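# Inside the fold
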Amino acid sequence: MATSSIVSTPDGINWYVEQQGTGPHIILIPSGEGDCSSFDKVAKILSSNFTVTTFDMPGFSRTTCPPEAVENVDCPLMSKQINTLLGTLKIDKCTVYGCSSGGWGAFGLGAFYPEKVTSVIVHEVPLTVFPSVRELLPLPDNEVISRCQHMFAHFFNEDEAAWNGLGPEYHKRLEKNFITWKNGYVPTEDPFHLSNEELTKRPVTWTVGGLNEFRVWWPNVVRAKEAGIEMSLLNAKHFPHVSVPEEFAEHIKVSAEKYL
């Protein structure tokens, strides 16, 4: 069973953290909605073999932070924040997973703090902020929330019932999170400025969703090829940890154990 706590780090962030299990450390980094509860099923499965740590991102849901901690968020800032948390938790070595913008943190940890990372596992990492997402910037909050609710339920998920099944409390928290994401992540001009050498400082497992419109995540395939990283498909869209948790947990387990 997961234990939750508030962990304060020297940078002024008060992290909501959940941990469970025993064994090698795995870190699950949330995507743009910023709330770790979407990992509940996967974390429980993985806890049979690993010590699983996940958290709400700075400024999202139950994690509070200074305003500057969630301004122009990019790969270096996110990985620095998470590295500070890992130091406070005394996690010296771990496998890191990130989906979507959580992949910025996963790749950043591997690039800038490779001594702490056994391997990096990512799924569908936005290499830039999509123009269609930037269209949210001038909109009023209520319209941003409405559009994000539709996008996350339909475009990012193939199983709307599984997404809705995360519960009313989770979805209520996301209303605020969508605004935080729009204000702190979407304006960032170049969130993923890593060289191919930086991408591959640690072993990488990189996937895209086989149920997506492939053109959306084709830049991931191109960048992985440029860096010499093998790319594979998952039987899901953007959030396999929500729609196919058992299958996805097995993917994480096998990918992590390859490098332990």
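Note that this is a predicted model, so its numbers are computed, not measured. (Residues numbered from 1 in each chain as written. Predicted model: local features only at pLDDT ≥ 70, side-chain atom pairs only at ≥ 80, totals over all residues. Heavy atoms only, no water.)

## Brief notes about the overall build of the protein chain
Going by this rule: The helix and strand labels rest on DSSP assignments: H or I over at least four residues marks a helix, E over at least two residues marks a strand, and numbering proceeds from the N terminus. Contacts: residue pairs with any heavy atoms within 4.5 Å of one another. In summary, the charge assignment counts Lys and Arg as positive and Asp and Glu as negative, without counting His or the chain termini. In plain terms, the charge of a residue is placed at NZ if it is Lys, CZ if Arg, CG if Asp and CD if Glu.
Within the protein chain, the regular secondary structure consists of 11 helices and eight strands. Overall, the C-alpha framework of the protein chain stretches about 45 × 40 × 35 Å when taken along its three principal axes. Within the protein chain, residue pairs in contact and separated by at least 24 positions form 76% of the contacts whose partners lie at least 6 positions apart. When the 21 basic and 31 acidic side-chain charges of the protein chain are each reduced to a single mean position, those positions are 3 Å apart.

## As for the packing of aromatic side chains
Where we set the bar: Working definition: rings of Phe, Tyr and Trp (its six-membered ring) pair if their centres are within 6.5 Å, and the pair is stacked with planes under 30 degrees apart, edge-to-face with planes over 60 apart, and tilted otherwise. Three exposure classes are used, based on accessible area relative to the maximum for each residue type with a 1.4 Å probe and protein chains only: buried under 20%, partly exposed in between, and exposed over 50%.
Scanning the entire structure with this criterion turns up 18 aromatic pairs. Relative to Tyr-185, the ring of Trp-104 lies with its centre 6.0 Å away and its plane at 25°, an arrangement referred to as stacked. In this pair, Trp-104 is assigned in helix α3 (residues 102–112) and Tyr-185 in the loop between α7 (168–184) and α8 (196–199), connecting sequence segments 81 residues apart. Trp-104 gets classed as buried once you look at its relative accessible area, which sits at 3%. What makes Tyr-185 buried here is its relative accessible area of 4%. Measuring from centroid to centroid gives 5.1 Å for Phe-107 and Trp-206, while their planes differ by 65°, and the two rings are edge-to-face. Here the residue Phe-107 occupies a position in helix α3, and Trp-206 occupies one in strand β7 (residues 204–209), the gap between them amounting to 99 residues. Taken together, Phe-152, Phe-155, Phe-156, Trp-163, Tyr-170, Phe-178, Trp-181 and Phe-239 form an aromatic cluster joined through their ring pairs.

## Overview of the packing of helix α2 (residues 75–88) against α3
The test is simple: Note on geometry: axes are lines fitted to C-alpha atoms, helical ones only across the stretch in contact, with angles between N-to-C directions running from 0 to 180 degrees. In this scheme, roughly parallel covers angles under 35 degrees and roughly antiparallel covers those over 145, while 65 to 115 is roughly perpendicular and the rest are oblique. The classification used treats Ala, Val, Leu, Ile, Met, Phe, Trp, Tyr, Cys and Pro as nonpolar, Asp, Glu, Lys and Arg as charged, and all other residues, Gly among them, as polar.
The N-to-C vectors of α2 and α3 enclose an angle of 70°; their axes lie 8 Å apart at closest approach. With respect to their mutual orientation, α2 and α3 come out roughly perpendicular. Where α2 abuts α3, its residues Cys-75, Pro-76, Met-78, Ser-79, Ile-82, Asn-83 and Leu-86 lie against Gly-102, Trp-104, Gly-105, Gly-108, Leu-109 and Phe-112. Tallied by class, residues from the contact of α2 with α3 come to eight nonpolar, five polar and no charged.

## A short note on the nonpolar core
Filter applied, for reference: Residues belong to one nonpolar core when they are buried, are Ala, Val, Leu, Ile, Met, Phe, Trp, Tyr or Cys, and are joined through side-chain atoms within 4.5 Å.
Core analysis: the biggest nonpolar cluster contains 75 residues, and Phe-55, Ile-82, Phe-107, Trp-181 and Tyr-185 have the highest contact counts within it. Counting residues per element, this core draws most heavily on helix α5 (residues 141–155), at six residues. Leave out the neighbours within four places in its chain, and Phe-55 touches Trp-15, Tyr-16, Val-17, Ile-27, Leu-28, Ile-29, Pro-30, Cys-36, Ile-82 and Leu-85.

## Observations concerning the pairing of strand β3 (residues 25–29)
Note the following rule: In short, DSSP must find at least two bridges between two strands for them to pair. Here the term right-handed applies to a crossover when the path leading from its first strand over the helix to its second strand runs clockwise, the strands being oriented away from the viewer.
Counting buried residues in β3 gives four out of five residues, a clear majority hidden from the surface. As paired elements, β3 and strand β4 (residues 51–55) share four bridges and run parallel to each other. By the bridge assignment for β4, His-25 is matched with Thr-51. At this point the chain moves from β3, through helix α1 (residues 40–46), to the parallel β4, and the crossover so formed is right-handed. For β3 and strand β5 (residues 94–99), the ladder comprises four bridges, and the chain directions are parallel. Counterpart to Ile-29 in the pairing with β5 is Gly-98.

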